[in-house]
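Close look at the chain arrangement
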Amino acid sequence: MTEDPFVAHRGLLFTVAYEMLGSATDAEDVLQESWLRWAEADRSRVNDARAYLVRTVTRQALNRLRTLARSREDYVGEWLPEPLLTSPDVAEDVELAESVSIAVLTVLETLGPTERAVFVLREVFELPYGEIAGAIGKSAATVRQIARRAREHVAARRPRVRVSRSEQQAVVERFLQALRTGQLQELVEVLAPDVVLIADGGGLAAAALAPIHGVELVARVLARTNRVDAAALATTAVWLNGAPAGRIEIDGELATAVSLVVENGQITRVHLVRNPRKLTRLDEPAELVR
C-alpha cells in the first residue's frame, strides 16, 4: 500500500505549523484539524497532495494564530516559544535550524499573522508566490509586497552573527557550569556587557515579568534564581530548536529550558522557559523538516 500523503509529509506540515505558531501544542491541534479536512477531501481533485496539505495547514494555522494573538495579550509576563528537543542533525540544515531557533521565533512574534505566514512559507520553505497566494487568499503581487516587508522586519531584529556549532557548544557548557556553581564572576565573564535576559513563567513559575538588561544585573539574577542546594541542581547540555542549549533540573524535576544567543564568544541573549506547560516536549526529539 502507498503511504498516505498526510503521513508522508507530516514532519513538513508540523514544521510549517510550529514556525507559524511558536507552539508545538497548537501545531499538533492544527495538524489534527487539517487531517480531518484531508480525510473529507475529494482526492481525485487533488493534483499535488503536498501543496494541498501545506495550503490546508497554513489556513488552519492562520485561524489559530489570530485567536492566539488575542489570548497572548493577557499572558502573564514575557511570552517565549515552546522549546523542542531536536537531534543534532537538524543543525545540518543551517537555514532550517536558524528559522526554528528560539531567537528567530521570538522575532516572528512581532509580525502580524499574514506577514508571518508569508515569511515562513517564502523564506523558510521557498514556496512560489502563487502557491502562497492560494494559501492565504491574496494575489501573488500582494504576497510579494508582504514578503519584502516581512523580510526587512525580521532582518532588522534577528541575530546578525552566525557562530559555529563548536563555539555555541563551548559557550553553553561554560554558562551551565557557571550556573551550577552560582559563581557571579564566572557568569559575568561569559555574558556580553549588553546581555538581555527574557524569562517565561506564564504566571505558573517564578520568572521576571519584563526583560532584564546588562551583564551585572543579569548575572545577579541568574545566580540568585538558582540558589538551591548544589546537590539538588543539575544542568545538562541538550539540543533545542536546532542549536546547543541547556536544561535545568531541581530535585530531578525539569524546571527550565535555556536557549542562548552567542556572538563573538559571549552570550548576548538568555531565554529561560519556565512555564511548565511549555516543557512537555523535551524528552523525545521532534521531527523538523522542510
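Here, the structure is the one placed above.
This report concerns the structure included in the present document. Predicted model only: the values in this text are computed from it and were never measured.

Our focus in this paragraph is the side chain of S101. Note that S101 resides in the loop between α5 (94-99) and α6 (102-108). Judged by its relative accessible area of 16%, S101 falls in the buried class. Separated by 3.1 Å, the side chain of S101 and the backbone nitrogen of V104 make a polar contact.

For the rest of this paragraph, the subject is empty space enclosed by the protein. Counted under the stated rule, the structure contains one cavity of 30 Å³ or more. One number sums up the size of the largest cavity: a volume of about 30 Å³. In terms of lining residues, the largest cavity is bounded by P83, I102, L240, A257, V258, S259, H271 and V273. Sorting the residues of the lining of the largest cavity by element identifies β5 (253-263) and β6 (266-273) as the ones contributing at least two each. In terms of residues, the lining of the largest cavity owes the most to one element, β5, which gives three residues. Its residues assigned to classes, the lining of the largest cavity comprises six nonpolar, two polar and no charged.

A few words on the pairing of strand β4 (residues 243-250). With eight bridges connecting them, strand β3 (residues 233-240) and β4 associate as antiparallel partners. Among the inter-strand pairings, L233 is bridged to a residue of β4, identified as I250. Between β4 and β5, which pair antiparallel in sequence order, lie two residues; one of them, D251, sits at a positive phi of approximately 55°.

Moving on to the packing of aromatic side chains. Counted according to the given criterion, the structure contains three aromatic pairs. Ring centres 6.0 Å apart and planes at 5° place the aromatic pair F14 and Y18 in the stacked group. With a gap of four residues between them, F14 and Y18 both fall in helix α2 (residues 10-21), about one helical turn apart. Judged by relative accessible area, which is 0%, Y18 ranks as buried. Positioned above the aromatic ring of W38 is the side chain of R43, whose terminal nitrogen or guanidinium carbon lies 3.9 Å from the ring centre.

Scanning all chains against the criterion turns up 17 salt bridges. With a shortest N-O distance of 3.1 Å, R64 and D26 are connected by a salt bridge. With a gap of 38 residues between them, R64 in helix α4 (residues 49-71) and D26 in helix α3 (residues 24-40) connect regions that are remote in the sequence. Of the two residues, R64 and D26, both sit in the buried class. R281 is paired through a salt bridge with E28; the nearest N and O atoms lie 3.7 Å apart. In this pair, R281 is assigned in the segment after β6 and E28 in helix α3, connecting sequence segments 253 residues apart. Using a relative accessible area of 22% as the deciding quantity, one classes E28 as partly exposed. Each member of the salt-bridge network shares a partner with another, and the members are R10, E28, E82 and R281.

Bringing unusual backbone geometry into the picture now. Even without being a glycine, N241 presents a positive backbone phi close to 50°. Position of N241 relative to the elements: it lies in the loop between β3 and β4. Backbone geometry places N264, a non-glycine residue, at a positive phi of 55°. Topologically, N264 is positioned in the loop between β5 and β6. Judged by its relative accessible area of 69%, N264 is exposed.

Calculation criteria
- Residues numbered from 1 in each chain as written.
- Predicted model: local features only at pLDDT ≥ 70, side-chain atom pairs only at ≥ 80, totals over all residues.
- Heavy atoms only, no water.
- Helix = DSSP H or I, 4+ residues; strand = E, 2+ residues; numbered from the N terminus.
- Buried < 20%, exposed > 50% of the residue type's maximum accessible area, 1.4 Å probe, protein only.
- Polar contact = N/O pair within 3.5 Å; in protein donor to acceptor, adjacent residues only side chain to side chain.
- 1 Å grid on protein atoms, 1.4 Å probe; cavity = no way out; pocket = protein on both sides within 12 Å on 5 of 7 lines; lining within 4 Å.
- Points joined across faces, edges and corners; volume = space filled by probe spheres on them.
- Nonpolar A, V, L, I, M, F, W, Y, C, P; charged D, E, K, R; others polar.
- Pairing = 2+ DSSP bridges.
- Phe/Tyr/Trp six-rings, centres within 6.5 Å; stacked < 30°, edge-to-face > 60°.
- Lys NZ or Arg CZ within 6 Å of the ring centre and 35° of its normal.
- Salt bridge = Lys/Arg side-chain N within 4 Å of Asp/Glu carboxyl O.

Such coordinate-based values are descriptive only and should not be taken to indicate function.
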